[in-house]
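Reading the structure
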Amino acid sequence: MHRRGFLAAGLAAVLASPRALAQMKMDGMSNMDSMPGMDMGGHAGHDMGAMGQGPAALPEGEALRELPLLANEAGQTGLFKARLTAGPATARFVADKDTPILAYNGTSPGPLIEAYEGDRVEITFANRIEGEPSTIHWHGMPVPADQDGNPMDPVAAGADRAYAFELPEGSAGSYWYHPHPHGKTAEQVYRGLAGAFVVKAKADPVPAEYGDTVLMFTDLRLAADGSMPANTMNDVMNGRVGDHVLVNGQKNPRLAVAMGAKRRLRLYNATNARFLRLAFANAAMTVIGSDGGLLEAPVAVDEILLSPAERVELVVAFDKPGAATLTTLDYDRGWMGPGRPADAGLTLLTVDVSDTPAEAMPPLPERLRPIAPLGAPTVSRRLVFTETMAMNATGMEMGFLINGKAFDMQRVDIVAKAGETELWEIVNHADMDHPFHVHGTQFQVIEHERDGKISNPPCLAWKDTVNVARGETVRLITRQERPGPRMYHCHILEHEQLGMMGVVDVKV
Ligand code: C2O
Ligand code: CU
Ligand code: CU
């Protein structure tokens, strides 16, 4: 039976039985007390709060908040030293309603970390999350494996640990940090734990007049009583998609600019599972950077697809007075079962462009920096994504697998050699798109293949996350420079939790 037909034919009933729930590989979603309220959660379902109302309305149109900067306590150049505490906090998304969240240093998104290429970073992490292990993973950053917040290195509730690493020359880029504890990543992230880590270049070719603004997208679901509902079965399968896409914690905030101004914007998809296909009305977008920093040359675009965990650096030119809005377009990423969210037509940000012209801005240089191709691979590997759903005598089993296997912390899936260039072929034989991510390095995508048609990216770019659409094969060149175990996984965090993750052990 085709899986979609099967789903439509009343999977809800199957899933609702406690036995089927127990069968699913939800290690760590262990809070069984969050299960009784679970429903298949079409949007109409999971949006219902205790009062039977729809999703809470959030205020829109406040002035865009800049993310608070994490203060550097080092007092000496070349060192960034600070403390990050993860713990419970309260947010006010709607008037008169407190929302219990998780936050870094009391804020969600967490404080913006800004350091420079060549800096040493020493951050003490204090886990004050009640009863749960956590870690800080430095997503995309070239840090040693034992400093990278792997699930194998949990920080117990109440404990502290120091993370330390150097930021190599050439590593300037838009990275981020988030928890990565086994079985709890998805929940800790949607409850509020994620922050941006911008590594700045000592010599930056992008004019300083453009500013430098981080826009971090998160995805909030709020019940009528102001609480964040637990994941439903639908969330587990598709990844949790909320009701409100927020920018730096605000819904559709406003930013004022003068006509003719250019702004440098770093867009982060820090949602668990929301694909963001974005366009700017009344403003011209130019891509200048990807996950791992600047491109070789700017590329003008009309739209961007930012899958979960991806980042893009833009220069946006606001040449027409009036409102320039950043909006979402429809994108079909393969939704299982009912409740496909309405992705199109959300306004994420409104820029008010004044009639008064801006001071003349210097042009964007035609060349940004050289990117050397990683070169010819000496090893090639093939990773095949599948989703399985099967009925057996006791209920239903579901799997999100890589090469037929679910994640096992005790197992090494790939042994690689430090400094060796490899071709990784990521093959999506599943019915959903899966954004592929690997820790510890930046890779170069060389080819996409779908229905026998091969296409190449328009230019070389450093990436740590790439969407692999259903039916697609993505080929990328990668090289790990540092030894130790590294995770690779789908960055729909619920899929990672259900097993779509593996370990590459890099040997010297
Ligand atoms: Cu954001 Cu294992 O990653
Ligand atoms: Cu990562
Ligand atoms: Cu996935």
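Preceding this section is the structure that the text describes.
Read on for an overview of the structure. (Residues numbered from 1 in each chain as written. Chains lettered and ligands numbered in written order. Predicted model: local features only at pLDDT ≥ 70, side-chain atom pairs only at ≥ 80, totals over all residues. Heavy atoms only, no water.)

**Section: the side chain of Thr271**
Looking at where Thr271 falls in the secondary structure, it is placed in the loop between strand 12 (261-269) and strand 13 (276-281). Each residue touching Thr271, except ones within four places of it in the same chain, is listed here: Phe217, Thr218, Asp219 and Pro308. (Helix = DSSP H or I, 4+ residues; strand = E, 2+ residues; numbered from the N terminus. Contact = heavy atoms within 4.5 Å.)

**Considerations on the nonpolar core**
In terms of nonpolar packing, the biggest core is built from 36 residues, with Leu383, Trp424, Ile426, Phe436, Leu476 and Tyr488 touching the most fellow members. The residues touching Trp424, leaving out its near neighbours within four places in the chain, are Arg381, Leu383, Ile414, Phe436, Val474, Arg475, Leu476, Thr478, Tyr488 and Val504. Counting residues in hydrophobic clusters, the runner-up holds 30 residues, among them Phe217, Leu255, Ala283 and Val351. (Core = buried A, V, L, I, M, F, W, Y, C linked by side-chain atoms within 4.5 Å. Buried < 20%, exposed > 50% of the residue type's maximum accessible area, 1.4 Å probe, protein only.)

**Considerations on the coordination of the copper ion (ligand 2)**
Octahedral metals with six donors have ideal donor angles of 90 or 180 degrees. Tetrahedral metals with four donors have an ideal donor angle of 109.5 degrees. Those donors, His137 (NE2) and His437 (NE2), are the protein atoms that reach the copper ion (ligand 2), and they lie 1.9 Å from it. With a gap of 300 residues between them, His137 in strand 5 (residues 137-139) and His437 in strand 24 (residues 434-438) connect regions that are remote in the sequence. The burial state of His137 is the same as that of His437; both residues are buried. (Donors = N, O, S within 2.8 Å, 3.2 Å for Na, K, Ca; no water.)

**Re the sheet that holds strand 2 (residues 97-104)**
Strands sit in the order 2-1-4-6 across an open sheet of four strands; the sheet is mixed. The sheet terminates laterally at strand 2 and strand 6 (160-166), the two strands that pair on one side only. Strand after strand, the sheet turns through a mean of 25 degrees between neighbouring axes, direction not considered. Bridge analysis of strand 1 (residues 79-94) against strand 4 (residues 120-127) gives eight bridges, and the strand direction is parallel. By the bridge assignment, Arg83 is partnered in strand 4 with Thr124. (Pairing = 2+ DSSP bridges. Axes fitted to C-alpha atoms, helices over the stretch in contact; angles between N-to-C directions.)

**Re the coordination of the copper ion (ligand 3)**
Protein-derived coordination of the copper ion (ligand 3) comes from His434 (ND1), Cys490 (SG) and His495 (ND1), at a distance range of 2.0 to 2.1 Å. Mapped onto the polypeptide sequence, the residues donating to the copper ion (ligand 3) form the spacing pattern H-x55-C-x4-H. Placement of the pair is His434 in strand 24 and His495 in helix 7 (residues 493-498), with a sequence separation of 61 residues.

**A word on the sheet that holds strand 18 (residues 322-329)**
Reading across from one edge, 11-19-18-13-16 is the order of the five strands in this open sheet, with mixed pairing throughout. Edge strands, defined here as strands with exactly one partner in the open sheet, are strand 11 (254-259) and strand 16 (303-306). With direction set aside, neighbouring strand axes in the sheet form an average angle of 25 degrees. The pairing of strand 11 with strand 19 (residues 347-357) spans five bridges and is classified as parallel. The residue of strand 19 that forms the bridge with Leu255 is Val351.

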